[in-house]
Amino acid sequence: MLIRGKWLLEDSEIQRNTLYQIKKTRSIAILEKDSDITDVVNCEICMASYNEAVFSREYIGNQKGHNSGGKKADIMCIMLNETERMVKSYAYEIKHAVSGADRVIIAMAQIEASMLRNRRLVENTGIDWQEKISEQGIITSRINEDAIKHEIERIRGMVADYDGEIPRMNRTISKKRRIEVFTEQNRKNVLERFLKGQINVEGRVHELHNVKLEQKDNRYECSLVFA
């Protein structure tokens, strides 16, 4: 096994923060319950082009050596073809509703942390992979784009006001204001990329998928194909 994991038995329940070893094509259902709402993500893991894979729910692993702060996406998967030296990794966050900017910031941080964690797991195999692909996204029933755009405009206005005030402030206050501006600018950048379907991880921009949860009776469902 290139990445060690626990064997996933048929019909066994997926435990959080546990890497499961996958050798054959199979389906895994991930359920997220919040009050009276249940979100179901049906994961189809297709192994036709891969020798092995690992799958996990809310995987953190060993936190030593990095500062993710316990952040993790709800779903991660890494698929490996050692013969062709091809690897594909996935990180998806489930948010029943993205009601505003704060939900976006949280989701993006979770996805980024899992992408970096996936990268370390791949690097630790010691193999010079010739083809490395990552897929990441957010799974949600709805996104309030107006609320996100409103927050972006608020930040733009705040930054413009501070830019005019900072030169007239004393050194201590101006330093504090510059830190606030830097923090808010970063927040704005994350929100703007989200609306464009992008995520920035360590200076590299990746595509961010938006997977829609569709209502079926008293639950919301979608399917993800890992292949």
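Bear in mind that the values here come from a model prediction, so they are computed numbers and not experimental data. (Residues numbered from 1 in each chain as written. Predicted model: local features only at pLDDT ≥ 70, side-chain atom pairs only at ≥ 80, totals over all residues. Heavy atoms only, no water.)

Right, let's talk about the nonpolar core for a bit. Ranked by size, the top nonpolar core spans 27 residues in total, and within it Phe55, Ile75, Ile139 and Phe226 carry the most contacts. Elements with a contribution of two residues or more to this core: β2 (20-22), β3 (26-34), β4 (37-45), β5 (52-57), β6 (75-81), β7 (86-94) and β15 (219-226). Contact partners of Phe226, with chain neighbours within four places excluded, come to Cys43, Glu44, Ile45, Cys46, Phe55, Ile75, Cys77, Met79 and Tyr90. Counting residues in each nonpolar core, the second largest holds 18 residues, with Val98, Met108, Ile152 and Leu208 among its members. (Core = buried A, V, L, I, M, F, W, Y, C linked by side-chain atoms within 4.5 Å. Buried < 20%, exposed > 50% of the residue type's maximum accessible area, 1.4 Å probe, protein only. Helix = DSSP H or I, 4+ residues; strand = E, 2+ residues; numbered from the N terminus. Contact = heavy atoms within 4.5 Å.)

With respect to the helices, strands and loops of the structure, Asn62 is situated in the loop between β5 and β6. Of the residues examined, Asn62 reaches a relative accessible area of 59% and is grouped as exposed.

To continue, consider the sheet that holds β4. Strand order across the open sheet formed by 4 strands is β3-β4-β15-β14, with mixed pairing between neighbours. The outermost strands of the open sheet, each flanked by one partner alone, are β3 and β14 (214-216). Averaged over all pairs of adjacent strands, the angle between their axes in this sheet comes to 30°, without regard to strand direction. Bridge count for β14 against β15 is 3 bridges, and the pairing is antiparallel. Following the sheet pairing, Lys216 is matched in β15 by Arg219. (Pairing = 2+ DSSP bridges. Axes fitted to C-alpha atoms, helices over the stretch in contact; angles between N-to-C directions.)

A complete count under the given rule lists 0 disulfides for this structure. Its sulfur unpaired, Cys43 is 7.8 Å from the next cysteine sulfur, which belongs to Cys222. The closest cysteine sulfur to the non-disulfide-bonded Cys46 is located on Cys77, 10 Å from its own sulfur. Using a relative accessible area of 27% as the deciding quantity, one classes Cys46 as partly exposed. (Disulfide = S-S within 2.5 Å.)

Here we take up the sheet that holds strand β9 (residues 131-140). Pairing is mixed in the open sheet, where 7 strands are placed in the order β1-β2-β5-β6-β7-β9-β13. The strands lining the two open edges of the sheet, one partner per strand, are β1 (6-7) and β13 (209-212). In this sheet, β5 lies alongside β2 in antiparallel orientation, the contact comprising 3 bridges. The residue of β5 that forms the bridge with Ile22 is Ala53. Against the sheet, helix α1 (residues 101-123) contacts β6, β7 and β9, and its axis sits at roughly 155° relative to β7.

This next bit is on a nonpolar patch on the surface. On the surface, Met1, Trp7 and Leu9 cluster together into a nonpolar patch covering about 360 Å² of accessible area. Within the secondary structure, Met1 is located in the segment before β1. (Patch = residues over 30% accessible without salt bridge, like charges linked within 9 Å, V, L, I, M, F, W, Y side chains within 5 Å. Areas by Shrake-Rupley, 256 points an atom, 1.4 Å probe, with all protein chains shown as cover. Salt bridge = Lys/Arg side-chain N within 4 Å of Asp/Glu carboxyl O.)

Scanning the model with the defined rule gives 2 aromatic pairs in all. Pairing Phe55 with Phe226 gives two aromatic rings, centres 6.3 Å apart and planes at 40°, and the pair type is tilted. Of this pair, Phe55 sits in strand β5 while Phe226 sits in strand β15; the two residues are 171 residues apart in sequence, bridging distant segments of the chain. Across the pair, exposure class does not vary: Phe55 and Phe226 are buried alike. (Phe/Tyr/Trp six-rings, centres within 6.5 Å; stacked < 30°, edge-to-face > 60°.)

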